[in-house]
Amino acid sequence: MTLRTSRDLMAWQPPTGWRELSSEQRHAYLERHGIRIPLRPADWEQMDHDRRMGYLSWHSRILSDTPDARAAKEREYRKDLRAWNVLMGWWILCLLVGLGIVWGTGAAGEGLGLRIGITLFAGVGYTMAILIPMLISRPSPPRT
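Anyway, here's the lowdown on the structure attached to this text. Since the model is a prediction, treat every value here as computed from it, not as a measurement. (Residues numbered from 1 in each chain as written. Predicted model: local features only at pLDDT ≥ 70, side-chain atom pairs only at ≥ 80, totals over all residues. Heavy atoms only, no water.)

1. Digging into the side chain of Ser6
What counts, and what does not: Comment: elements are numbered from the N terminus, with helices defined as DSSP H or I runs of at least four residues and strands as E runs of at least two. Every residue pair with non-hydrogen atoms within 4.5 Å of one another is taken to be in contact.
Tracing the backbone shows Ser6 in helix α1 (residues 6–11). Discounting residues that sit within four places of it in the chain, Ser6 has contacts with Pro41, Asp43, Met47, Arg51 and Tyr55.

2. A word on the packing of helix α2 (residues 23–32) against helix α3 (residues 49–64)
Threshold: Axes here mean lines fitted to C-alpha atoms, for a helix over just the part in contact, with angles spanning 0 to 180 degrees between N-to-C directions. Every angle not falling under 35 degrees, over 145, or within 65 to 115 is termed oblique; those three ranges are roughly parallel, roughly antiparallel and roughly perpendicular. Put simply, Ala, Val, Leu, Ile, Met, Phe, Trp, Tyr, Cys and Pro go in the nonpolar bin, Asp, Glu, Lys and Arg in the charged bin, and everything else, Gly too, in the polar bin.
Running from N to C, α2 and α3 cross one another at 105°; their axes reach a closest spacing of 9 Å. Considering their axes alone, α2 and α3 lie roughly perpendicular with respect to each other. On α3, the residues that touch Ser23, Arg26, His27 and Leu30 of α2 are Arg61, Ile62, Leu63 and Ser64. Residues of the contact of α2 with α3, tallied by class, amount to 3 nonpolar, 3 polar and 2 charged.

3. Focus: the nonpolar core
Keep this limit in mind: Residues grouped as a nonpolar core are buried Ala, Val, Leu, Ile, Met, Phe, Trp, Tyr and Cys residues, joined through side-chain atoms within 4.5 Å. Each residue's exposure class comes from its accessible area (1.4 Å probe, protein chains only) as a fraction of the maximum for that residue type: buried when under 20%, exposed when over 50%, partly exposed otherwise.
In terms of nonpolar packing, the biggest core is built from 14 residues, with Trp12, Leu30, Ile37, Tyr55, Trp58 and Ile62 touching the most fellow members. Where this core is concerned, the elements lending two or more residues are α2 and α3. Top contributing element to this core by residue count: α3, with 4 residues. Core analysis: the next-biggest nonpolar cluster, separate from the first, contains 7 residues, Tyr77, Leu81, Met88 and Met134 among them.

Written out as structure tokens, the structure reads:
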């Protein structure tokens, strides 16, 4: 089967169970049925940017979205999330140690207002400098 244009290629529907096939099994299926999926179809030059990006996304999903690749992405996400959680834990521990020094020792003197001021300053500073950027940079799970 000769599929030349991006429209013809993207209209092709993979068989049931395609997502569970390994890369080698996918290539063997395509070869057995005479289907070639080129990186750049015959109408590549006539395609606009959005259509090209759509084709490349489709190409990647058809050939590269294998169970092994999905498992590798999930492992990478878990590793990044674990590192993020450890870093977040260290920042919280540092904040608690600092507040423990302010409230648990006589380092700030006997003034209650000073202790409350330092606590508010530390809480706002921590939120603005650490917590918000850390929440923004939290790893997101891979798309399936």
